[in-house]
Amino acid sequence: MMMNDSTRLDGKVVAVTGAGRGIGRAVALLCARQGASIVVNDLGTSAQGEGADTGPAAAVAAMIRDQGGKAVANGASVAEPAGAASIITDAIAHFGRIDGVVNNAGILRDRIFHKMSIVDWQQVMDVHLNGAFYVAKAAAPHFKDQGSGSYVHFTSTSGLVGNVGQANYAAAKMGIFALSNAIALDMRRFGIRSNCIAPFAWSRLVATIPAIEGEDEQAAARMQAMTTDKIAPMVAALLSDGARDVNGQTFGVRRNEIFLFNKPRPVRTMQRSEGWTPGSIVRDLLPAMAGDMAPLAQVGDIWPYDPV
């Protein structure tokens, strides 16, 4: 079956953060096969954000070149504004432009909330939320000047739905969801798009999440069936001209299943002309709205079934 030209990435330059391993690696390799020139960014840290190693980024860039594609490695940290800016600088220096940014880099420092340290909180925020902002901001002037550009940010169901022991990660990922929406609103007048993906895939980050109960062990087994290569096609599609009308959306990818998330909107309203008191709120409003209140849930409660 011949692919529609609008799904190709020929002539485009795409920067992928955290592209030395896992999902980012799969994204970089597929986008290169789709015709894009790739800036392969990866600091090469551990899953907890410790250390540095330029090897993973260099290896992926070399693999792309060996397969006839174009790629350059970048080993900067997205958690530093200058490092994030260097990713875009490398795109311009080596390939003359930047057309797509994939904000995928991440670390995990999971702790139950009362045991979470300030360092655990700050480092996860720096890599995920601040890193996404720094890289996106560095690309924005170039996107604006050329009147085009596409952001794909990685959010998570840990934020969109919830998970135990991940307050820092969940908050950062919900921040990315809001950041993407804000970018979409601010930059659409310049022909720039911003979308999110919540991936289900077994990676070295997911492997660090401890099993708390037998149910979580079963969930981990399900996750192992979901490989990173299943995420990459959605990223490549959103970067392509074929998705030129898709903006401000959040998709989930779970093996061969793709779903669209809604956005928070009012589900029930009540008013009283004389205003509310604490007593009338407790007596009248809360009971009336109880049936519409979403219960606390974890990811496994929403997706209890095996990946298809």
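Here the structure is a predicted model, which is why all the values come from computation and not from measurement.

Novice: Sorry, what's going on with the packing of aromatic side chains here?
Specialist: Overall, the coordinates contain seven aromatic pairs when judged by the stated rule. Ring centres 5.3 Å apart and planes at 25° place the aromatic pair Phe-259 and Trp-303 in the stacked group. Taken together, the residues span a long stretch of sequence, with Phe-259 in strand β8 (residues 257–260) and Trp-303 in the segment after α11 (299–302) at a distance of 44 residues. With a relative accessible area of 14%, Phe-259 lands in the buried category. Taking NZ or CZ as reference, Lys-144 lies 5.1 Å from the ring centre of Phe-190, over its face. In this structure, Arg-254 packs its charged tip against the face of Phe-200, placed 5.6 Å from the ring centre.

Novice: What's the story with the pattern of salt bridges in this structure? I'm lost.
Specialist: A side chain of one charge can pair with a side chain of the opposite charge when the charged atoms of the two come close. Counted under the stated rule, the structure contains eight salt bridges. Note that Arg-97 is salt-bridged to Asp-99, the shortest N-O span being 2.7 Å. For Arg-97, a relative accessible area of 31% puts it in the partly exposed group. If you follow the salt bridges from partner to partner, you end up with Arg-109, Arg-111 and Asp-120 in one network.

Novice: How do you make sense of the pairing of strand β6 (residues 192–200) when you look at a structure like this?
Specialist: Looking along a regular strand, one sees the side chains alternate between the two faces of the sheet. Across the nine residues that make up β6, a large majority, eight, are buried. With six bridges connecting them, strand β5 (residues 149–154) and β6 associate as parallel partners. Paired with Val-152 across the two strands is Asn-195, which belongs to β6. Pairing of β6 with strand β7 (residues 250–254), which is carried by five bridges, proceeds in the parallel orientation. Bridge pairing in β7 places Ala-198 opposite Gly-252.

Novice: Quick question: what am I supposed to make of the nonpolar core here?
Specialist: General note: in soluble globular proteins, nonpolar side chains tend to be found buried as a group. Ranked by internal contacts, the top residues of the largest apolar core, which has 35 residues, are Ile-38, Val-40, Ile-64 and Ile-197. Put simply, the parts of the chain that give this core at least two residues each are β1 (13–16), α1 (22–33), β2 (37–41), α2 (55–66), β5, α9 (232–239) and β7. If one sorts the elements of this core by residue count, α1 sits on top with eight residues. Excluding residues within four positions of it along the chain, Ile-64 makes contact with Ala-28, Leu-29, Ala-32, Ile-38, Val-40, Gly-69, Lys-70 and Ala-71.

Novice: What is the right way to look at a nonpolar patch on the surface in this model?
Specialist: Taken together, Ile-281, Val-282, Leu-286 and Met-293 make up a surface patch of nonpolar side chains, about 340 Å² in accessible area. Along the chain, Val-282 falls in helix α10 (residues 278–289).

Novice: Help me understand α2 in this model?
Specialist: It helps to recall that an α-helix has 3.6 residues per turn; residues three or four apart then point in one direction. Compared with an ideal rise of 1.5 Å per residue, which puts twelve residues at 16 Å, α2 spans 16 Å between its outermost C-alpha atoms and is within 8% of the ideal. Listed as buried for α2 are Pro-56, Ala-57, Val-60, Ala-61 and Ile-64. One face of α2 carries all of its buried residues, which in axial projection span an arc of 130°. Summarising the contacts, the buried residues of α2 are in contact with α1, β2 and β3 (70–74). Of the residues trailing α2, Gly-68 is marked for its positive phi of about 90°.

Novice: How should I be thinking about the packing of α1 against α2 in this particular structure?
Specialist: Running from N to C, α1 and α2 cross one another at 20°; their axes reach a closest spacing of 10 Å. When the interaxial angle is binned, α1 and α2 end up roughly parallel. Taken as a pair, α1 and α2 cross one another with a handedness that is right-handed. Touching Arg-25, Ala-28, Leu-29 and Ala-32 of α1 are Val-60, Met-63 and Ile-64, all from α2.

Reading guide: rules and limits
Residues numbered from 1 in each chain as written. Predicted model: local features only at pLDDT ≥ 70, side-chain atom pairs only at ≥ 80, totals over all residues. Heavy atoms only, no water. Phe/Tyr/Trp six-rings, centres within 6.5 Å; stacked < 30°, edge-to-face > 60°. Helix = DSSP H or I, 4+ residues; strand = E, 2+ residues; numbered from the N terminus. Buried < 20%, exposed > 50% of the residue type's maximum accessible area, 1.4 Å probe, protein only. Lys NZ or Arg CZ within 6 Å of the ring centre and 35° of its normal. Salt bridge = Lys/Arg side-chain N within 4 Å of Asp/Glu carboxyl O. Pairing = 2+ DSSP bridges. Core = buried A, V, L, I, M, F, W, Y, C linked by side-chain atoms within 4.5 Å. Contact = heavy atoms within 4.5 Å. Patch = residues over 30% accessible without salt bridge, like charges linked within 9 Å, V, L, I, M, F, W, Y side chains within 5 Å. Areas by Shrake-Rupley, 256 points an atom, 1.4 Å probe, with all protein chains shown as cover. Expected span 1.5 Å × (residues − 1). Arc of directions from axis to C-beta. Axes fitted to C-alpha atoms, helices over the stretch in contact; angles between N-to-C directions. Parallel < 35°, antiparallel > 145°, perpendicular 65-115°, else oblique. Left-handed = near helix turned anticlockwise from the far one by under 90°.

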